[in-house]
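Architecture at a glance
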Amino acid sequence: MAIKSGKNAMFTEINITPLTDIFLVLLIIMMVVAPTFQSISNNVTIPEINNGAAIEEKNATVSVTKDGKIFLNDNYVSADNLAVELEKIKPNVQKQEVVVRADEKVKSAVIMDIMNAAQEAQYKKLVLAGEPLTKKAQKVLEEKMEEVQN
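Residues numbered from 1 in each chain as written. Predicted model: local features only at pLDDT ≥ 70, side-chain atom pairs only at ≥ 80, totals over all residues. Heavy atoms only, no water.

Okay, the sheet that holds strand 1 (residues 60-64) next. Overall, mixed pairing links the five strands, which are arranged 3-2-1-4-5 in an open sheet. Either end of the sheet is taken by a strand with one partner, and the two such strands are strand 3 (75-77) and strand 5 (125-128). Shown here is a sheet whose adjacent strand axes are inclined to one another by a mean of 30°, direction ignored. Note: strand 1 against strand 2 (residues 70-72), three bridges, orientation antiparallel. Its bridge partner lying in strand 2, Val64 is registered against Ile70. Taken strand by strand, helix 2 (residues 82-89) contacts strand 1, strand 2, strand 3 and strand 4 (97-102), and its axis lies near 15° from that of strand 2. (Pairing = 2+ DSSP bridges. Helix = DSSP H or I, 4+ residues; strand = E, 2+ residues; numbered from the N terminus. Axes fitted to C-alpha atoms, helices over the stretch in contact; angles between N-to-C directions. Contact = heavy atoms within 4.5 Å.)

What follows is the structure in structure tokens.
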């Protein structure tokens, strides 16, 4: 610190209070504005996730629509037959894991039934996808469901 006393006094300390105030204001502005940058479809409510990794489509994928209909690799399956169907496709999958994609409105009991079926079929891993089915994918599954019923 170079402080001289007397008439020719020199003050060399830096006051960082205004700089800190500016950074805090910028931080608050970014916290308020950041959520508006997220694009969310109004048709499907995306469940919240903390982090994630890319999901390979070469696994057994169980999709659940908001109505609770279950599809295994885009083919309709009843909840009672899910374990049997998982067992049938087990030799054809690369990894012994089941990927579950479900809408946010699906009840937890349906997810638990899928977990139990995967355990019964002796799969080693269950992955819950944080990104649900797109509107287009749900439409395709519903069309397949109508074909099966007709």
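So, on to the side chain of Thr61. By the element assignment, Thr61 lies in strand 1. Here Thr61 is in contact with Phe71, Leu72, Asn73, Val99 and Arg101, once residues within four sequence places are set aside.

A few words now on the environment of Ile111. Considering the arrangement of structural elements, one finds Ile111 in helix 3 (residues 108-120). Taking relative accessible area as the criterion, Ile111 reaches 15% and is therefore assigned buried. Sequence spacing of Ile111 and Arg101 is 10 residues, and the spatial spacing of their C-alpha atoms is 9.6 Å. (Buried < 20%, exposed > 50% of the residue type's maximum accessible area, 1.4 Å probe, protein only.)

A few words on the confidence of the model for the protein. When pLDDT is averaged along the protein, the result is 76, and 75% of the positions lie at 70 or above. Within the protein, helix 1 (residues 17-33) carries the highest mean pLDDT (92), whereas helix 4 (residues 135-149) carries the lowest (74). Per-residue pLDDT stays below 50 along residues 40-44; that stretch engages in seven contacts with residues further than four places along the chain or on separate chains. (pLDDT = per-residue confidence, 0-100.)

On to helix 2. Here helix 2 has its buried residues at Leu82, Ala83, Leu86 and Ile89. Buried residues along helix 2 cover an arc of 130° about the axis, so they all sit on one side. (Arc of directions from axis to C-beta.)

Moving on, we get to the side chain of Lys90. Looking at the secondary structure, you find Lys90 in the loop between helix 2 and strand 4. For the buried Lys90, no salt bridge exists, and the shortest N-O distance to an oppositely charged side chain is 4.9 Å, to Glu87. A polar contact is formed between the side chain of Lys90 and the backbone oxygen of Gln122, at a distance of 2.9 Å. Setting aside anything within four residues of it in sequence, one finds Lys90 in contact with Gln96, Ala121, Gln122 and Tyr123. (Lys, Arg positive; Asp, Glu negative; His and termini not counted. Salt bridge = Lys/Arg side-chain N within 4 Å of Asp/Glu carboxyl O. Polar contact = N/O pair within 3.5 Å; in protein donor to acceptor, adjacent residues only side chain to side chain.)

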